[in-house]
2 protein chains.
Amino acid sequence: MTLQSEIFEQPARLSDLLGNQRLTAEKIAQTIRQHDIRWVFLAARGTSDNAGRYANYLWGAQNRLPLALATPSLFTYYNQPPQLKDALVVGISQSGQSPDIVSVLAEGRRQGCLTLAITNETGSPLAGSADLVLDIQAGVEKAVAATKTYTTELMAIAMLSAALSENKLFWQQLGKIPGWIETVLKQDVPIARMAERYRYMRQCVVLGRGYNYCTAFEWALKLKELTYVVAEPYSSADFRHGPIAMIEGGFPVMAVLPNGMVFDTLLEMIGKLRHEQAAELVIISDEKRALSLAQSPIPLPVDIPEWLTPIVSIVPAQLFAGHLTRAKGFDPEKPRTIGKITETN
Amino acid sequence: MTLQSEIFEQPARLSDLLGNQRLTAEKIAQTIRQHDIRWVFLAARGTSDNAGRYANYLWGAQNRLPLALATPSLFTYYNQPPQLKDALVVGISQSGQSPDIVSVLAEGRRQGCLTLAITNETGSPLAGSADLVLDIQAGVEKAVAATKTYTTELMAIAMLSAALSENKLFWQQLGKIPGWIETVLKQDVPIARMAERYRYMRQCVVLGRGYNYCTAFEWALKLKELTYVVAEPYSSADFRHGPIAMIEGGFPVMAVLPNGMVFDTLLEMIGKLRHEQAAELVIISDEKRALSLAQSPIPLPVDIPEWLTPIVSIVPAQLFAGHLTRAKGFDPEKPRTIGKITETN
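Cut-off values and rules
Residues numbered from 1 in each chain as written. Chains lettered and ligands numbered in written order. Predicted model: local features only at pLDDT ≥ 70, side-chain atom pairs only at ≥ 80, totals over all residues. Heavy atoms only, no water. Helix = DSSP H or I, 4+ residues; strand = E, 2+ residues; numbered from the N terminus. Rg over C-alpha atoms; globule rule 2.2 N^0.38 Å. Buried < 20%, exposed > 50% of the residue type's maximum accessible area, 1.4 Å probe, protein only. Contact = heavy atoms within 4.5 Å. Lys, Arg positive; Asp, Glu negative; His and termini not counted. Charge placed at Lys NZ, Arg CZ, Asp CG, Glu CD. Pairing = 2+ DSSP bridges. Axes fitted to C-alpha atoms, helices over the stretch in contact; angles between N-to-C directions. Arc of directions from axis to C-beta. Parallel < 35°, antiparallel > 145°, perpendicular 65-115°, else oblique. Left-handed = near helix turned anticlockwise from the far one by under 90°. Least-squares fit on C-alpha atoms with pLDDT ≥ 70 in both. Expected span 1.5 Å × (residues − 1). Bend = angle between axes of the 7 residues up to and from the residue. Buried area = accessible area lost by both parts, 1.4 Å probe. Salt bridge = Lys/Arg side-chain N within 4 Å of Asp/Glu carboxyl O. Polar contact = N/O pair within 3.5 Å; in protein donor to acceptor, adjacent residues only side chain to side chain. Domains from an automatic or database assignment. Core = buried A, V, L, I, M, F, W, Y, C linked by side-chain atoms within 4.5 Å.

Colleague: What am I meant to see in the overall build of chain A here?
Modeller: From N to C terminus, chain A includes 14 helices and ten strands. For 345 residues, the compact-globule estimate of 2.2 N^0.38 gives 20 Å, and chain A sits close to it at 19 Å. Scored against the burial criterion, the 345 residues of chain A give a buried share of 70%. A separation threshold of at least 6 residues defines the contact pool for chain A, and within that pool the share at least 24 residues apart is 75%. For chain A, the distance from the average site of its 33 positive side-chain charges to the average site of its 34 negative ones is 1 Å.

So this is what it looks like as structure tokens:
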């Protein structure tokens, strides 16, 4: 039960990270302020790429830093990297091993940019190629499917945002995350029961928007890696521009919509999916108006500030994916085809 | 047969666009050079977002301009847009109507950035909010599923790249595109026959990388809009980081891999998918080594320069999606749920 125990370990790892790395995050923020950083260029793959999606919204909204997600093949196969002047070049990787991510940081350095690695392995090639290293301190992650390294990556990104903002309130809010996750973990048994209903599900879509765009992607990735369900993530806006045509009666739609600025637009969409297209809904939210629409409602603690909801809302999705894996008769510890470290060029 | 006739119209529209708008593209390039443009911030949805993915690779590799895809909700729902200093702010939209895309350009203008609209409607709100307008001149597109507006958007992006490069060879190469597409269109009948094999397909993945990352996304979008197949696009690198676990015997994989810098890595992956995981392969390529692996091979003309392959390689995919729609008994002119103009905030 490595996956399950690593999911349950998250409050402790996040609490430690917050305690141990605040000073480092503040020093990194100070160095960033000393440079004329105009934008962020970020390279990551898989789960870490979803953490990058969180950074895209959070650093954009809270720190006004625009963020470009790297296209690593321009650095490796094409050997035609773009000009990175005035960028903070960031690589996120649990293992710090993937050559394409390392090559983006190496090129950033070559062009004289400030470089930052967010990683679980401070002795890795990625950390070695960076000026600044933020250690996510998740401990060894044995399960192939990443869980605690995802939430600690999100926490590291949020800590850097708080440090750049120099806002004490943000640090107080960050301190409440472990407790909110403890509350969510108490729903493990009902979520296990709920997952059985999806024993024969072959495909689904996963919707989120704004800050929780990343949660939709990460929930979908866990479903694909572990349960082999074809799970496609969307922002509700992109979904409306075409893919919504796929939905027919009974089609399963997972959605994550905690209270916040994009709640109303998502609520309107899932209302239509339920009432006009008879979709099947699995919903993670702290709002009764959303939960009451779902065949499978998963409540979140109320009053989480919107910018921190992704760190909490992925946890029930992790539990759901793990339990669905077992319900389908697969072994969550041994996903077929993939290994713990994936090296791509 | 509006969809089919618009697919067949593409060589003529692309030829006209190239003839009529070269001077405009060169003037726009001149204005861009007069500004201190360091990077591109691009907003688009649906098919136009896939055109944006092409710009990400092409302008990055050929013009060294890094590109960030906008997160429109930061401009609308959150009202916390990032700093856009030194950016060229680009909106791509066939209709020029979607309020979220318009709001990104309006904010760019407010921050003093140079703004560019790439659109089929020069009287649209998007064009009205831009300093520079590149008219894709596709003529009225009646089919709900975009085809000729996609390839003309790609052509506009490629023309701008050629104009920024001031390289005559690039313009000569662009002139050959209509002829290559004519060659592809001659395969309409065999592609129709091929599509029947997938009459009962419910889900698939679509792989591409580098320049043809956009082709994978656009092929998948046509399948979703028209045939309601759950078609998920990936770069082959992202696919390896988890989702590859979904593939089992007979699982359909569409792949587009013309000769070029990423060909070998994609070939290795589809070889494994075929031999080790017994995947079903539909392959668009100009290379026998790739085509010979496929149950359904779709040949491209040889010797297309890699940077222009996306404008040609999407055409057989459009034909495939249209024919599969009919084979499944659906009406390609009336996709359920979606309309021609989608307005999102």
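Colleague: Explain the sheet that holds strand S10 (residues 296-299) of chain A to me, please; I cannot follow it from the model alone.
Modeller: Strand pairing in a sheet takes place through backbone hydrogen bonds and is either antiparallel or parallel in direction. Residue and element names in this part refer to chain A. Within the open sheet, the five strands sit side by side as S7-S6-S8-S9-S10. Their pairing is parallel. Each having just a single partner strand, strand S7 (230-235) and S10 make up the two edges of the open sheet. Adjacent strand axes in the sheet meet at a mean angle of 15°, parallel and antiparallel pairs treated alike. Inspection of the sheet shows strand S6 (residues 203-208) paired to S7 by six bridges, in the parallel sense. In the sheet register, leucine 207 faces S7, and the bridge partner there is tyrosine 234. Helix H14 (residues 309-327) contacts strand S8 (252-256), strand S9 (280-285) and S10 of the sheet and is inclined by roughly 135° relative to S9.

Colleague: What should I look at first to understand helix H8 (residues 177-185) of chain A in this one?
Modeller: Because each turn of an α-helix spans 3.6 residues, side chains separated by three or four positions in sequence point in the same direction. Residue and element names in this part refer to chain A. Of the residues making up H8, those classed as buried are Ile177, Pro178, Trp180, Ile181, Val184 and Leu185. Each buried residue of H8 sits inside an arc of 160° when the element is viewed along its axis, so together they form one side. Considering only its buried residues, H8 is in contact with helix H1 (2-8), helix H2 (10-34), helix H6 (148-165), helix H7 (168-174), helix H9 (188-196) and H14.

Colleague: What's the story with the pairing of strand S10 (residues 296-299) of chain B in this structure? I'm lost.
Modeller: Look at any regular strand and the pattern is simple: side chains alternate between the two faces of the sheet. Residue and element names in this part refer to chain B. Side-chain alternation along S10 places Ser296 and Ile298 on a buried face and Pro297 and Pro299 on a face that remains uncovered. The pairing of strand S9 (residues 280-285) with S10 spans four bridges and is classified as parallel. Bridge pairing in S10 links valine 282 to serine 296.

Colleague: Honestly, the environment of Gly208(B) in this entry has me stumped. Any pointers?
Modeller: Residues and elements named next belong to chain B. Among the structural elements, glycine 208 can be located in strand S6 (residues 203-208). Through-space distance from the C-alpha of glycine 208 to that of methionine 269 is 11 Å; in sequence the pair is 61 residues apart. Look past the residues within four positions of glycine 208 in its chain and what remains in contact with it is Tyr213, Ala216, Tyr234, Ser235, Ser236, Val256 and Leu266.

Colleague: What is the right way to read the packing of helix H3 (residues 46-63) of chain B against helix H6 (residues 148-165) of chain B from this model?
Modeller: Any two packed helices are characterised by how steeply their axes cross, that is the angle between the axes, and by the distance between the axes. All names here are of chain B. Where H3 contacts H6, the axes come no closer than 9 Å and their chain directions differ by 20°. Compared by their axis directions, H3 and H6 come out roughly parallel. Taken as a pair, H3 and H6 cross one another with a handedness that is right-handed. For the pair formed by H3 and H6, the contact residues are Thr47, Ser48, Asn50, Ala51, Tyr54, Ala55, Leu58, Trp59, Gln62 and Asn63 on the first element and Tyr150, Glu153, Leu154, Ile157, Ala158, Leu160, Ser161, Leu164 and Ser165 on the second.

Colleague: I tried to follow unusual backbone geometry on my own but got confused; where do I start?
Modeller: Outside of glycine, negative phi angles account for most residues, and trans bonds account for most peptide bonds. Residue and element names in this part refer to chain B. The phi dihedral of asparagine 79 is positive, around 55°, even though this residue is not glycine. Positionally, asparagine 79 belongs in the loop between strand S2 (67-69) and strand S3 (87-93). Not every positive phi belongs to a glycine, and glutamine 137 is a case in point at roughly 50°. Relative to the helices and strands, glutamine 137 is located in the loop between strand S5 (132-135) and H6. The exposure class assigned to glutamine 137 is partly exposed, which follows from its relative accessible area of 25%.

Colleague: I'm lost on the relation of the copies chain B and chain A in this one. Help?
Modeller: A rotation about an axis combined with a shift along that same axis relates the two copies of the chain. Superposing chain B onto chain A requires a rotation of 180° together with a translation of 0.0 Å along the rotation axis, leaving an RMSD of 0.0 Å. Taken together, the turn and the small shift mark the pair as related by a two-fold rotation axis. Scanning chain B for the C-alpha nearest the rotation axis identifies Ala68(B), at a separation of 2.0 Å. Of the residues that chain B buries at the interface, 100% are likewise interface residues in chain A, meaning the two copies contact each other through the same surface.

Colleague: Got a minute to help me understand helix H2 (residues 10-34) of chain B in this structure?
Modeller: All names here are of chain B. The end-to-end C-alpha distance of H2, which contains 25 residues, comes to 33 Å, matching closely the 36 Å that a straight helix rising 1.5 Å per residue would cover. The sharpest bend along H2 reaches about 55° and sits at glutamine 21. Of all the residues in H2, the buried ones are Gln10, Pro11, Arg13, Leu14, Leu17, Leu18, Gln21, Ala25, Ile28, Ala29 and Ile32.

Colleague: Just checking my understanding: could you explain the side chain of Thr325(B) for this structure?
Modeller: Checked against the element boundaries, Thr325(B) lands in helix H14 (residues 309-327). Non-local contacts of Thr325(B), meaning those with residues more than four positions away in its chain, are made with Leu226(B), Thr227(B), Phe330(B), Asp331(B) and Pro332(B).

Colleague: Just checking my understanding: could you explain the interface of chain B and chain A for this structure?
Modeller: How big an interface is tends to be stated in terms of the accessible area lost upon association of its parts. Taken together, the contact pairs 67 residues of chain B with 67 residues of chain A. For the pair chain B and chain A, the summed buried surface comes to about 6,000 Å²; carbon and sulfur atoms form 54% of the total. When the buried area of chain B at its contact with chain A is split by residue, Arg64(B), Tyr78(B) and His241(B) rank highest and sum to 12% of it. For the pair chain B and chain A, the interface holds ten salt bridges. Where chain B touches chain A, the interface holds 29 residue pairs in polar contact (both at pLDDT 80 or more). Secondary structure elements with two or more residues in the side of chain B that touches chain A: H3, S2, helix H4 (99-110), helix H10 (213-227), strand S7 (230-235) and helix H11 (236-240) of chain B.

Colleague: What's the story with the domain arrangement of chain A in this structure? I'm lost.
Modeller: Residues and elements named next belong to chain A. As far as domains go, chain A holds domain 1 (3-175) and domain 2 (179-327). Spacing between the C-alpha centres of domain 1 and domain 2 amounts to 26 Å. Taken together, the contacts link 27 residues of domain 1 with 28 residues of domain 2. Both faces considered, domain 1 and domain 2 share a buried interface measuring about 2,400 Å² in area, 69% of it formed by carbon and sulfur atoms.

Colleague: Honestly, the nonpolar core in this entry has me stumped. Any pointers?
Modeller: If you look at soluble globular proteins, the nonpolar side chains tend to sit buried side by side. In this structure, Tyr54(A), Trp59(A), Leu174(A), Tyr54(B), Trp59(B) and Leu174(B) are the most contacted members of the largest nonpolar core, which totals 276 residues. Setting aside anything within four residues of it in sequence, one finds Leu174(B) in contact with Leu18(B), Met155(B), Ala158(B), Met159(B), Ala162(B), Trp307(B) and Leu308(B).

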